[in-house]
Amino acid sequence: MALIWGCAGAGTARPSDATPGDFERAAEQAAAEFGVPKDVLLGVSHEASWWEGNQGRPSTKGGYGPMHLTDTTSGRTYAHRPGEGPVDATGTDDPSEHTVQAASALIGVAPRTLKTDERQNLRGGAALLASYQRQITRGASPDPGSWYGAVARYSQAADTATAGRFADGVFTVIRTGMRRVREDGQTVTLAKRPAVRPATSQLASLRLRTLPATEVPECPTELNCRFVAAAASNYQVSARNSNGIDVDFIVIHDIEGPYDAGISWFQDPSSGVSAHYVMKADGSAATQMVATKDIAFHAGNYWVNLHGVGIEMEGYAAQGPTWFTPAQYKATAALVTYLARRFDVPLDRRHIVGHDNVLPPRPARAPDAHWDPGPYWDWEKFMALLGAGDRREPGAEGEAGGGNIGIGQAVKIVPEFGKNPQAVRVCDPKCRTQNQPSNFLYVRTAPRVDAPLVSDPALHPDGSAGTERIDDWGATAMWGQEFVVADVRGDWTAIWFGGQKGWIHNPAGVHTRPAPNARIVRPADGAKSVSVHTTAYPRAAEYPRGVVASEQTRFTMYAFPPGQAYVAARTPVGADDFFPATPARPEVVVTGDQKYDVIQYSRRLATVDHAETRG
């Protein structure tokens, strides 16, 4: 499932007193108590959360309640929208990331209460705004326009562009008005005030950093591109690649909805997610929503986000290939080619990946991993448009594809899309089985058609067999992935797949091609097993004081024992992490001394310590 799907199943927010109108009355009372114009308080809340409390759950930036009071943490995951990856907030001790505590001190209410009680959250936000206003103007004017600097400061942004964008959004809502029905049914109204004139000159008094102007939209000339900014809380401002954080992955998603809905979702600060680009289904338009130097929250794995550019396509993963039009393939290929050239990303399936190739950073969230763009995205066609399709490279015996398959050699999975119908079960909620051209092969436990599908322990902890459900991704090998041959019996080829020997139906090698230039890694001599991860963070001792180390979590349910082998990216990657700038400090890039291999472990990528492998 993709990002938009979660919107439909989101939980219903409830205020502390859910009778209609209570939210707006609580905002009016909080504004009056602390001398903040009601229009300003409601404008800030709309820009921060669309007037939603989100049932006390934090955003991906660790913000709580309708005023998005922050309290970032490290190594924790939270329940979020169904089918979506975890909220994985990493934090520092910087005050801008702990405004819950600041508000708590101002109004004498416990932080826990501020996170869950909407009335107290509104009071805390109003108190913070008033404190910022006193710092800037020494007073509390009833004129909303004179609060521009305080509103910009409330964003906790470290640079003038981001702070100004937040404040401009607030005052646009104040000037034009807004009426919105919350998820709990309450209607909130902010009457338009076109005469309000924001004092934008106050922005300079905050003494924030000025970043170089972003060249937007960042698109190839043949695309009809525009730039529409995602909500500021849905991404992190960064300086990739100049700060040493390389872009290594381009991640393809589908929206699970229409083009405009995807754009709106990423503009919604309560969604906590974004992508760098959204592509229209007919190829006629593209919208950039996050600058490529910045980190969008799209892959459900922060380390992949740190090194990735996310592209969302209008369409649905479960409704067949007609959703992905030739024009959309061509437009997306033009964008990927442009980005790959700009960031020196190799045009192969180790680096051009789907959301369905990415696992969350922690085992507990693996069952919720997304599977878009799904089985009907024609990777063969797409990679050919990139000039990186299957060239049917000569095998070891000089044969063009297929032919003899040797145990221990690497092969690429290349089923011909139009000639590869696969049965897939879709439940939404009524179940149906659809059999149509697909980009994957099923992986079985034995070399026969009636053998059970392999069991992925993240999805089937009881060891039960995999199924043909579209969201049961654990027994599918996708076009372009590379694996090491473990055995051959007649029309069947075994590959090392997710810590076990799995079999694909491959008569005369029709569904594979030799990959003679693949880098194969095996456990180092003497190693009992290689630890499997999905991130590449430094060791805790390598983090500077003041920032909380991200947890490099081992997926203990997965194995990589002696005797097995996997295909890795051409070069190992260095351990690293990132913390965005705040008003009190510049951005922080943390690097470690260890290297990691990114391997094609199953349908999903994994990372393994380079010191534990050989190859």
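Our structure is the block above this text.
This write-up is about the structure you can find in this document. Values in this document were obtained by computation on a predicted structure and should not be read as measured data. (Residues numbered from 1 in each chain as written. Predicted model: local features only at pLDDT ≥ 70, side-chain atom pairs only at ≥ 80, totals over all residues. Heavy atoms only, no water.)

Some remarks on the overall build of the chain
- Scanning the chain from terminus to terminus reveals twelve helices and 27 strands.
- The buried share of the chain, reckoned over its 615 residues, is 61%.
- Counting only carbon and sulfur atoms, one obtains 51% of the accessible surface of the chain, whose full area is about 22,800 Å². (Helix = DSSP H or I, 4+ residues; strand = E, 2+ residues; numbered from the N terminus. Buried < 20%, exposed > 50% of the residue type's maximum accessible area, 1.4 Å probe, protein only. Areas by Shrake-Rupley, 256 points an atom, 1.4 Å probe, with all protein chains shown as cover.)

Focus on the packing of helix 3 (residues 38-49) against helix 6 (residues 118-137)
- Running from N to C, helix 3 and helix 6 cross one another at 110 degrees; their axes reach a closest spacing of 11 Å. Here helix 3 is positioned roughly perpendicular relative to helix 6, judged by the angle of their axes. As helix 3 runs across helix 6, the sense of the crossing is right-handed. When helix 3 is examined against helix 6, the residues V40, L41 and V44 are found in contact with a partner set consisting of L122, G125, A126 and L129.
- Split into classes, the residues belonging to the contact of helix 3 with helix 6 amount to six nonpolar, one polar and no charged. (Axes fitted to C-alpha atoms, helices over the stretch in contact; angles between N-to-C directions. Parallel < 35°, antiparallel > 145°, perpendicular 65-115°, else oblique. Left-handed = near helix turned anticlockwise from the far one by under 90°. Contact = heavy atoms within 4.5 Å. Nonpolar A, V, L, I, M, F, W, Y, C, P; charged D, E, K, R; others polar.)

Comments concerning helix 4 (residues 99-107)
- Buried residues of helix 4: T99, V100, A103, S104 and I107, and no others. Around the axis of helix 4, the buried residues are gathered within 145 degrees of arc, so they sit on the same side.
- If you follow the buried residues of helix 4, they end up packed against helix 2 (22-34), strand 2 (69-70), helix 5 (111-116) and helix 6. (Arc of directions from axis to C-beta.)

Concerning unusual backbone geometry
- For the bond from R240 to N241, the omega torsion is -10 degrees, close enough to zero to count as cis.
- Positionally, N241 belongs in the loop between strand 6 (235-236) and strand 7 (249-254).
- Cis geometry marks the peptide bond from D372 to P373; its omega dihedral reads 5 degrees.
- For P373, the position within the fold is in the loop between strand 12 (352-354) and helix 12 (379-385).
- The backbone phi angle of R138 is positive, close to 65 degrees, even though this residue is not glycine.
- Looking at the secondary structure, you find R138 in the loop between helix 6 and helix 7 (148-154).
- Looking at R138, the relative accessible area reads 74%, which means it is exposed.
- At R207, a position not held by glycine, the phi torsion is positive, near 55 degrees.

Re the side chain of R444
- Mapped onto the elements, R444 comes out in the loop between strand 16 (440-442) and strand 17 (476-478).
- For the buried residue R444, which engages in no salt bridge, the nearest side chain bearing the opposite charge is E468, 4.5 Å off.
- If near-sequence neighbours (up to four positions away) are discounted, R444 is found in contact with V449, A451, P452, L453, V454, W492, K501, G502 and W503. (Lys, Arg positive; Asp, Glu negative; His and termini not counted. Salt bridge = Lys/Arg side-chain N within 4 Å of Asp/Glu carboxyl O.)

Comments concerning the packing of aromatic side chains
- Applying the stated criterion to the full structure yields 15 aromatic pairs.
- Pairing Y132 with Y154 gives two aromatic rings, centres 6.4 Å apart and planes at 70 degrees, and the pair type is edge-to-face. Of the two residues, Y132 sits in helix 6 while Y154 sits in helix 7, which places them 22 residues apart along the sequence. With respect to burial, Y132 and Y154 carry one shared label: buried.
- An aromatic cluster is built from F324, Y329, W377, W379 and F382, whose rings are joined through pairwise contacts.
- Over the ring of Y132 we find R153, and its NZ or CZ is 4.8 Å from the ring centre.
- Cation over ring: R349 sits above W379, and NZ or CZ is 3.8 Å from the ring centre. (Phe/Tyr/Trp six-rings, centres within 6.5 Å; stacked < 30°, edge-to-face > 60°. Lys NZ or Arg CZ within 6 Å of the ring centre and 35° of its normal.)

Details of the sheet that holds strand 18 (residues 482-489)
- Strand order in this open sheet of five strands is 20-19-18-13-21, and the pairing throughout is antiparallel. With one partner strand each, in any of the chains shown, strand 20 (500-505) and strand 21 (512-514) form the two edges of the open sheet. Recorded for the sheet is a direction-independent mean angle of 50 degrees between the axes of neighbouring strands.
- Judged from the six bridges that link them, strand 19 (residues 492-497) and strand 20 form a sheet pairing that is antiparallel. Counterpart to W496 in the pairing with strand 20 is K501. (Pairing = 2+ DSSP bridges.)

What to know about the pairing of strand 7
- The buried fraction of strand 7 is high, at six of six residues.
- Residues F249, V251 and H253 of strand 7 are buried on one face, and the alternating residues I250, I252 and D254, pointing to the opposite face, are buried as well.
- The pairing of strand 7 with strand 11 (residues 308-313) spans six bridges and is classified as parallel. If you follow I252 over to strand 11, its bridge partner there is I311.

What about the nonpolar core?
- Core analysis: the biggest nonpolar cluster contains 82 residues, and I311, I352, W379, F382 and I599 have the highest contact counts within it.
- Here this core takes nine residues from helix 11 (residues 326-343), the largest share from any one element.
- Look past the residues within four positions of W379 in its chain and what remains in contact with it is I252, R349, I352, V353, G354, N439, M478 and W479.
- In this structure, A27, A103, A152 and Y154 belong to the second largest nonpolar core, which totals 46 residues. (Core = buried A, V, L, I, M, F, W, Y, C linked by side-chain atoms within 4.5 Å.)

What to know about helix 2
- In this model helix 2 runs 18 Å from its N-terminal to its C-terminal C-alpha over 13 residues, within 8% of the 18 Å that 1.5 Å per residue would give.
- Taken residue by residue, helix 2 has D22, F23, E24, A26, A27, A30, A31 and F34 as its buried positions.
- Looking at the buried residues of helix 2, the elements they touch are helix 3, helix 4, helix 6 and strand 4 (187-190).
- In the segment just after helix 2, G35 is the residue with positive phi, at about 75 degrees. (Expected span 1.5 Å × (residues − 1).)

Points about the environment of A110
- Position of A110 among the secondary structure elements: in the loop between helix 4 and helix 5.
- In this structure A110 comes out as partly exposed when scored by relative accessible area, which is 43%.
- In sequence terms A110 and Q120 are ten residues apart; their C-alpha atoms lie 9.5 Å from each other.

Comments concerning the pattern of salt bridges
- Taken as a whole and assessed by the stated rule, the structure comprises 25 salt bridges.
- Residues D348 and R350 are paired through a salt bridge, measuring 3.8 Å at the closest nitrogen-oxygen approach. Neither residue differs from the other here; D348 and R350 are each classed as buried.
- E482 serves as the salt-bridge partner of R350, at 2.7 Å between the closest nitrogen and oxygen. Here E482 lies in strand 18 and R350 lies in the loop between helix 11 and strand 12, a separation of 132 residues in the sequence. As far as the burial class goes, R350 and E482 line up, both buried.
- Through salt bridges that share partners, E24, E28 and K38 make up one connected network.

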